[in-house]
Amino acid sequence: MKWEWLFILLLSSVLTLLNVLTVHQLHYSVPLFFIGICLLVWLSGRIVLSYMPNSIKKYHDFCLCFLVGFFSLNSILLFMFYIFPFSVRADLFCMATLVVIAALLSKQRIRDMEENAEPESRKMSLAALLVILSAVSLWMRTSVDAVEISGETTIIKPWVDSFFHASIISSITHAQGFSSMQHLLLANQPMPFYHFAMYILPSELSSLTPTTAYEVFNSFLTPMGMLLSGFGAYVIIRSFWGARAGIIAAAGVLTFPDASPLWFGNSWLSYHWLQFIAPGGFYGVALMCLAWMIMIIGCKEGRFLNIAISYTISVICITYKFHIFFANALVLWIFPSIFFTKVTVKIKVLWFTFCIFSYFFVIHYVQQFKEVPYISYDGSASASYTRFTIEQFQNAWMKKWFTTSMTPDHFSISTVYWYGLMAVMLFLGTLGILGAAYILIIVVLRKKISLVLALFPLIVIFNYLATSLTISYDAHLIGNKEELMHRPLVWAYFIVCIWVFGAIGYLLNNKMDRSRYLRYTLSTVMVLLLIISWNMAKDVQKGPAWGKDYNYLSYPTAYVGALEYIKEQSAQKDIVQDSHNDPDLMVTALSERQEYVSFYKDLGTPLQSDRIKEVESIMKWSDGVTIKNYFKSKGIKWYIVHQGDLLNWPPSLNKQIVYQQQGYKVYYFDN
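Just so you know, these numbers come straight off a predicted model, no measurement behind them.

Draft legend 1. Examining the sheet that holds strand S6 (residues 575-578) more closely. On the basis of which strands lie adjacent, the open sheet formed by 5 strands has the order S7-S6-S8-S10-S9 and mixed pairing. The open sheet has two free edges, formed respectively by strand S7 (594-595) and strand S9 (657-661), since each of these has just one partner strand. As defined by bridge partners, strand S8 (residues 636-641) adjoins strand S10 (residues 664-668) across 4 bridges and the pair is classed as antiparallel. Considered in S10, the bridge of Val641 is made with Lys665.

Draft legend 2. Spatial organisation of the packing of aromatic side chains. Enumeration over the complete set of coordinates arrives at 61 aromatic pairs. Site record: aromatic cluster; members linked through ring pairs are Phe240, Trp241, Trp292, Phe335, Phe339, Tyr438, Phe456, Trp499 and Tyr506. A cation over an aromatic ring shows up here: Arg109 above the ring of Tyr51, its NZ or CZ 4.2 Å from the ring centre. Positioned above the aromatic ring of Tyr552 is the side chain of Lys542, whose terminal nitrogen or guanidinium carbon lies 5.0 Å from the ring centre.

Draft legend 3. Region of interest: the sheet that holds strand S5 (residues 553-556). Sheet architecture is open: 3 strands sit in the order S1-S2-S5, paired in antiparallel fashion. What marks the edges here is a single partner per strand, and that holds for strand S1 (147-150) and S5. Each strand axis lies, on average, 25 degrees off the axis of its neighbour in the sheet, ignoring direction. As judged from the 4 bridges shared by strand S2 (residues 153-156) and S5, these two strands associate in the antiparallel manner.

Draft legend 4. Broad picture of the packing of helix H10 (residues 200-208) against helix H11 (residues 213-241). Closest axis-to-axis distance for the H10/H11 pair is 9 Å, and the angle between their directions is 125 degrees. With respect to their mutual orientation, H10 and H11 come out oblique. For H10 against H11, the interelement crossing comes out right-handed. Contact residues: Leu201, Pro202, Leu205 and Ser206 in H10; Ala213, Val216, Phe220 and Leu221 in H11. Taken together, the residues of the contact of H10 with H11 break down into 7 nonpolar, 1 polar and no charged.

About the cut-offs
- Residues numbered from 1 in each chain as written.
- Predicted model: local features only at pLDDT ≥ 70, side-chain atom pairs only at ≥ 80, totals over all residues.
- Heavy atoms only, no water.
- Pairing = 2+ DSSP bridges.
- Helix = DSSP H or I, 4+ residues; strand = E, 2+ residues; numbered from the N terminus.
- Phe/Tyr/Trp six-rings, centres within 6.5 Å; stacked < 30°, edge-to-face > 60°.
- Lys NZ or Arg CZ within 6 Å of the ring centre and 35° of its normal.
- Axes fitted to C-alpha atoms, helices over the stretch in contact; angles between N-to-C directions.
- Parallel < 35°, antiparallel > 145°, perpendicular 65-115°, else oblique.
- Left-handed = near helix turned anticlockwise from the far one by under 90°.
- Contact = heavy atoms within 4.5 Å.
- Nonpolar A, V, L, I, M, F, W, Y, C, P; charged D, E, K, R; others polar.

What follows is the structure in structure tokens.
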């Protein structure tokens, strides 16, 4: 137990430090929250693991325990949030009570599990934790220093989508269950389904401490996701080749530069950039590591229970990051029909056939639901997507070569050549030297590792390339139209990276015991990679050349002050409206109040269109009574006017102004 308390103290201390660096002050509730959450997650992991098959329990250590505990606790809290009309705070207190009771009831099972743990597991867990915490802390350079005030200008450094994530955190924090949540863009309209899971524990932090939703996003949601991805890398590679290989794999994926800064550089295909601007990817890859670890063990030992657990975990991934689930759905579904032992070839053929037909049947069936991305393997978007991808290459020679070689004619041989060329382009742009390293290591290890472990990255790569070149754009426009062909790159990169570094650790494992100099060399390389990470962290969210329009954005300090004023002076249920319709969701994120209408995204609905027209016409009205009655009828209490806006309002409404700086005004209408 002493070791585990040390782990919890280290983890909670780093999370507290990140919070302090972001908020610029220490509140007593913050360390108490992190100690309590880390303890609760650890207890949850011990309980769940104690009921797992022995083939999984034998890998029990703090990292696996925390990973399992986080996703178990957080997923149950999400379920409670969906079905109960209570706040997330109430759900957490209820869940904490249940976890303590379950821990007492499972005391003997937990003791038996821990007695059978590997003797060196605690030391290896400590080493892994120190490496992962060091890397995560250095990567958070932009996150903890997200807002820079320089006189009349405030610079918001993270990608503009950070406002969207903070808005969801705020909405969940103030909700009484999911049924009470309102659409982020339309007041008094129901919230549509989204992968909300990663926001649950961050919302608990916002609810139980003075940390604002935007500060929570930067100081907790993003670093926790990266931390979990490091744990995921460690536990899956440890199950392959041992703890040392797991530590090196985690260090590699958290510190090694992806392909974008190198000669093959294409920032559009950058792993680190995409994970930071869409941090749900961190949570998705961590959860899928659990699913694949249990799947591979189950196939190796011929255990159907493992297969069922793996499928259950993969379905849960939908609530964290649908794109990561989609990147694994087909491969994970058919994997046991190929590699499961203890069944005949005939059964495997029937199993594989069923998997293929059932997968495409489900794909066809779900197309009728507009809430699900449109999926069609017709190749209709391949030319457009690859043309856009080629434009993002920083290397002029590669861009020119791919551009002049990308137009196929109607002959099959040319079409095959073209698709092959585009596959090479995606392979190099996404994986870079790691792709080549994988091929080289396969040659070296071909007689030392199992076929399953050797082919696992290759299957992931093939699925990624085939999907990117054959799937259509999302006609339902759930997100960006190309997301299902683009965002799965993080899974392909993640697996290849941890496999390559894990394999290096496997090759060097015995030599490390005999050579002190090798251990010193590896430690030195680790320090150098951490320094590189620190340097890359500053610009990690800039991404492609067009990214300059989406991060390091400048806003008038008076405007930011107006939003902070509304947050401090308003009630949680108050509705606010921005005269410019808040296209970035900045108003919702920083004021943490529901907006009457926002044009963050064109929903294509008459209701949104009508409300936007209303807001545009308000500034032209001249009758004070009519204006007051309008705000009263719509329930809008706070109205923000931008610098330069021309209002035709009568002087009598000036008494409604409660904030005024540098041309920005906030009107308060007490309904």
